[in-house]
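Chain by chain, the residues run as shown.
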Amino acid sequence: MRLPVHTLRHALKVYCGMFLRFSGWCTARNHQQHYRCWSSSVGSKQSIEDVATYIKHHASNILVMVGAGLSTASGIPDFRSPGTGLYDNLQKYDLPYPEAIFDIQFFMMDPRPFFALAQELYPGVNYKPNAAHHFLKLLHDEGKLQMVYTQNIDGLERLAGIPEEKLVEAHGSFATASCTLCGMRHEAAMVKQAIVEGNVPIMCEAAKCKVYPFAGIADAMGRKTPRVLINLNAVGSFGSRDSDVVLEGDIVENVKKLTSALGWEEKLNILEEGYSTRTIPNEE
């Protein structure tokens, strides 16, 4: 599934955490009724309890967009934070410039820095999903999740159990691997073993082998569509609409508060406790 380019502009400048877009109505006739319920319950008060009430009683198709802020609680650094971001800590890879580690032209000349980073970030090896990832799975289990759009390449949404058909990995992931020259698809298990054990670069087995980001989607929503931003700080256009709710602060802490308000604490605990990094969903 590909996103139209015009909806993706300026995403990295906007999304760091998690954004929920609600569509709880089934017909145009009751659209206004649900909007009035949302706007009257929220108004100028941006409360977790109000969001929980709306999720529980009205929302049935929740679209979620997530970025690097969701994974920082799992210990994975974001890209651009001064001092702690990934791009500020790549000197050990001896790169001409930080972004070169994801540049296909540089990769073709020297793939070792990318594979070294991949060894550190490979899903389920050094990092695991946090409560916010499991909350997304809980939304799915409760029949309220429409789709998860993620900028992250760490695969933690998959590890938390989000089905592939409900997941759009806008910047790719480690779930599949194809040759950069011939396009031949390779078994994920083989690629994982090679990366984790340091047996890289990985050579193609074929006998004859030779960004837009996406945050603009949020602004494309109808102005009466309820939007919730869960992030450390308010970003982008959030807070400019009467139907917006901005939950600032620690993402995992706010997600747990929202889970508590929904009465889903025990279910979330079960998901967290039952998680295992021994297998990767959808691995071939």
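Rules of the game
Within each chain, residue numbers correspond to sequence positions counted from 1 in written order. Where local features are concerned, this predicted model is filtered to residues with pLDDT of at least 70; where side-chain atom pairs are given and counted, the filter is 80 or more; whole-chain, interface and lining totals use all residues. Note that the side-chain values use all heavy atoms of the structure and ignore hydrogens as well as water. Secondary structure elements are taken from DSSP: a helix is a run of H or I of four residues or more, a strand is a run of E of two residues or more, and numbering for both begins at the N terminus. Relative accessibility under 20% of the residue-type maximum defines a buried residue, over 50% an exposed one, and the middle range a partly exposed one, all with a 1.4 Å probe and only protein chains included. Using a 1.4 Å probe, accessible areas were evaluated by the Shrake-Rupley method; residue-level cover was limited to the displayed protein chains. Note: two strands are recorded as paired if DSSP finds a minimum of 2 bridges between them. To get an axis, fit a line to the C-alpha atoms, keeping to the stretch in contact for a helix; angles then go from 0 to 180 degrees between the N-to-C directions. Residue contacts follow a heavy-atom distance rule, with two residues in contact if any of their heavy atoms lie within 4.5 Å. Throughout this description, the term salt bridge denotes a Lys or Arg side-chain nitrogen within 4 Å of a carboxyl oxygen of Asp or Glu. Among buried residues, the Ala, Val, Leu, Ile, Met, Phe, Trp, Tyr and Cys ones that are joined through side-chain atoms within 4.5 Å form a nonpolar core. Note that patches include only residues with greater than 30% relative accessible area and no salt bridge, and the join distances are 9 Å for like charges and 5 Å for nonpolar side chains (Val, Leu, Ile, Met, Phe, Trp, Tyr). N or O atoms within 3.5 Å of each other form a polar contact, as long as, within protein, one can give a hydrogen and the other can take it, and as long as residues adjacent in sequence are counted only when both atoms are side-chain atoms. Throughout this description, any angle smaller than 35 degrees is read as roughly parallel, any larger than 145 degrees as roughly antiparallel, any in the 65 to 115 degree range as roughly perpendicular, and the remainder as oblique. Crossing chirality is assigned from the near helix's rotation relative to the far helix, an anticlockwise turn below a right angle marking it left-handed and a clockwise turn marking it right-handed.

Visitor: Sorry, what's going on with the overall build of the protein chain here?
Guide: Across its full length, the protein chain holds eleven helices and eight strands. Taking all 284 residues of the protein chain together, the buried fraction comes to 49%. As presented, the protein chain carries roughly 14,400 Å² of accessible surface, and 50% of it is formed by carbon and sulfur atoms.

Visitor: Looking at this structure, how should I read the sheet that holds strand β8 (residues 244-248)?
Guide: Backbone hydrogen bonds are what pair the strands of a sheet, in a parallel or an antiparallel way. Taken in spatial order, the six strands of this open sheet run β4-β3-β2-β1-β7-β8, and their pairing is mixed. Every interior strand has two partners, whereas the edge strands, β4 (167-169) and β8, have only one. When strand polarity is set aside, the average angle formed by the axes of neighbouring strands in this sheet is 15 degrees. Here strand β1 (residues 18-21) pairs with strand β7 (residues 227-231) via four bridges, running antiparallel. Paired with Phe19 across the strands is Leu229, a residue of β7. Sheet strands in contact with helix α10 (residues 251-262) are β1, β7 and β8, and its direction is about 130 degrees off that of β7.

Visitor: I keep staring at the pattern of salt bridges and nothing clicks. Help me out?
Guide: Should the charged atoms of two oppositely charged side chains come close, the side chains can pair. Enumeration according to the criterion identifies six salt bridges in this entry. Linking Arg158 and Glu164 is a salt bridge whose minimum nitrogen-to-oxygen distance equals 3.5 Å. Between Glu253 and Lys257 there is a salt bridge, and its shortest N-O distance comes to 3.4 Å. In this pair, Glu253 and Lys257 are both assigned in helix α10, four residues apart and thus about one turn of the helix distant. Since its relative accessible area comes to 44%, Glu253 is described here as partly exposed. Given the relative accessible area of 44%, Lys257 is considered partly exposed.

Visitor: Hey, could you run me through the environment of Ile62 in this one?
Guide: On the secondary structure map, Ile62 appears in strand β2 (residues 62-66). C-alpha separation for the pair Ile62 and Gln146, spaced 84 residues apart in sequence, amounts to 5.1 Å.

Visitor: Just to check I follow, could you spell out the nonpolar core for this structure?
Guide: A general feature of soluble globular proteins is that nonpolar side chains tend to end up buried together. Counting 34 residues, the largest nonpolar core has Met18, Ile55, Val64, Leu136, Leu139, Ile230 and Leu258 as its most contacted members. At six residues, the largest contribution of residues to this core is made by helix α6 (residues 131-141). Beyond its immediate chain neighbours, meaning those up to four positions away, Leu258 contacts Ile48, Val51, Ala52, Ile55, Phe135 and Ile230. Listed in part, the 13 residues of the second largest apolar core include Met147, Val168, Met221 and Val235.

Visitor: Help me understand a nonpolar patch on the surface in this model?
Guide: A contiguous nonpolar patch, built from Ile104, Met108 and Leu181 and spanning about 260 Å² of accessible area, is present on the exposed surface. Mapped onto the elements, Leu181 comes out in the loop between β5 (177-178) and β6 (185-186). Given a relative accessible area of 40%, Leu181 falls into the partly exposed group.

Visitor: Help me out: how do you make sense of the environment of Tyr122 in this one?
Guide: Here Tyr122 lies in the loop between α5 (112-121) and α6. In the structure, Tyr122 is positioned 33 residues away from Gly155 in sequence and 8.1 Å away in space, judged by C-alpha atoms.

Visitor: Would you mind showing me how to read the pairing of β7 here?
Guide: Along a regular strand, successive side chains alternate from one face of the sheet to the other. Within β7, five of the five residues are buried, which leaves it mostly tucked inside the rest of the structure. Side chains Arg227, Leu229 and Asn231 project from β7 onto one buried face, and the interleaved Val228 and Ile230 project onto a second face that is buried too. With five bridges joining them, β7 and β8 adopt parallel strand pairing. Each residue of the ladder has a partner; that of Leu229, found in β8, is Val246.

Visitor: I would appreciate a short explanation of the side chain of Asn254 in the present structure.
Guide: Structurally, Asn254 can be placed in helix α10. Of note is the side chain of Asn254, whose polar atom sits 3.1 Å from the backbone oxygen of Glu248. Contact partners of Asn254, with chain neighbours within four places excluded, come to Ile48, Ile230, Leu247, Glu248 and Gly249.

Visitor: For this particular structure, what's the right way to read the packing of helix α2 (residues 48-57) against α10?
Guide: Running from N to C, α2 and α10 point in directions that differ by 55 degrees, and their axes come no closer than 8 Å. By the angle class used here, α2 and α10 are oblique. Of the two possible hands of crossing, α2 and α10 adopt the one that is right-handed. Of the residues in α10, those touching α2 at Ile48, Glu49, Val51, Ala52, Ile55 and Lys56 are Asn254, Lys257, Leu258, Ala261 and Leu262.

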